[in-house]
Amino acid sequence: MAFLLFFGAAIFEIGGCYLIWLAMRNGQPWLWVPALLALGLFGYLLSLAGTDSAGRVFAIYGGIYIVASVAFMSGFEGIRPDRWDLLGVALALAGASVIFFAPRG
């Protein structure tokens, strides 16, 4: 369940940031409204992750964010990830997994 929250948060964060990017580059200030709503939903979803530390949530989310960013690059921008992108994704997921699955008591 937590990973679904992280992926949902990534969609809203990347979407919100992309809308701001478009607003600034294309002179479309109206895009700020959906952008800020998306970023608010991003923060809300992360707050539901259920860990004992906001910092730990942010660290785990960082790995998911990297995966989602490379997927965005490929799917929306049409740029194929190279082996270095994929290696970075694997390392980020490995790090996030260590933090997420660590036995804590």
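Remember, predicted model here, so these are calculated numbers, not experimental data.

**Brief notes about the packing of helix α3 (residues 54–75) against helix α4 (residues 83–101)**
At a minimum axis separation of 8 Å, α3 and α4 run at an interaxial angle of 155°. Between α3 and α4, the angle falls in the class roughly antiparallel. The chirality of how α3 crosses α4 is left-handed. Seen from α3, the contacting residues are Arg56, Ala59, Ile60, Gly63, Ile64, Ile66, Val67, Val70 and Met73; seen from α4, they are Asp85, Gly88, Val89, Ala92, Leu93, Ala96, Ile99 and Phe100. The residue makeup of the contact of α3 with α4, split by class, is 13 nonpolar, two polar and two charged.

**Digging into the packing of aromatic side chains**
By the definition in use, this model includes nine aromatic pairs. Ring centres of Tyr18 and Trp21 lie 5.7 Å apart, and the angle between their planes is 15°; this geometry places the pair in the stacked category. Of this pair, Tyr18 and Trp21 both sit in helix α1 (residues 2–26), three residues apart, which is roughly one turn of that helix. Under the relative-accessibility criterion, Tyr18 is labelled partly exposed at 30%. According to the relative accessible area criterion, Trp21 is partly exposed, its value standing at 41%. Through pairs of rings, three or more aromatic residues link up here, namely Phe3, Phe6, Phe100 and Phe101.

**Describing a nonpolar patch on the surface**
Taken together, Phe12, Leu41, Tyr44 and Leu48 make up a surface patch of nonpolar side chains, about 370 Å² in accessible area. Tracing the chain through its elements places Tyr44 in helix α2 (residues 32–47).

**Some points on the pattern of salt bridges**
Enumeration according to the criterion identifies one salt bridge in this entry. Between Asp52 and Arg56 there is a salt bridge, with its nearest N and O atoms 2.7 Å apart. Residue classification places Asp52 among the exposed positions, given a relative accessible area of 66%. Arg56 gets classed as partly exposed once you look at its relative accessible area, which sits at 23%.

**Notes on α4**
For α4, built from 19 residues, the straight-helix expectation of 27 Å at 1.5 Å per residue is met to within 8% by its first-to-last C-alpha distance of 26 Å. Turning to α4, its buried residues are Val89, Ala92 and Ala96. The buried residues of α4 all sit within an arc of 70° when viewed along its axis, so they share a single face. Among the exposed residues of α4, those oriented more than 90 degrees off its buried face are Arg83, Trp84, Leu91, Val98 and Phe101. Looking at the buried side of α4, the elements it contacts are α3. Residue Asp82 occupies the N-cap position of α4, its side-chain oxygen lying 3.0 Å from the main-chain nitrogen of Trp84.

Calculation rules
Residues numbered from 1 in each chain as written. Predicted model: local features only at pLDDT ≥ 70, side-chain atom pairs only at ≥ 80, totals over all residues. Heavy atoms only, no water. Axes fitted to C-alpha atoms, helices over the stretch in contact; angles between N-to-C directions. Helix = DSSP H or I, 4+ residues; strand = E, 2+ residues; numbered from the N terminus. Parallel < 35°, antiparallel > 145°, perpendicular 65-115°, else oblique. Left-handed = near helix turned anticlockwise from the far one by under 90°. Contact = heavy atoms within 4.5 Å. Nonpolar A, V, L, I, M, F, W, Y, C, P; charged D, E, K, R; others polar. Phe/Tyr/Trp six-rings, centres within 6.5 Å; stacked < 30°, edge-to-face > 60°. Buried < 20%, exposed > 50% of the residue type's maximum accessible area, 1.4 Å probe, protein only. Patch = residues over 30% accessible without salt bridge, like charges linked within 9 Å, V, L, I, M, F, W, Y side chains within 5 Å. Areas by Shrake-Rupley, 256 points an atom, 1.4 Å probe, with all protein chains shown as cover. Salt bridge = Lys/Arg side-chain N within 4 Å of Asp/Glu carboxyl O. Expected span 1.5 Å × (residues − 1). Arc of directions from axis to C-beta. Polar contact = N/O pair within 3.5 Å; in protein donor to acceptor, adjacent residues only side chain to side chain.

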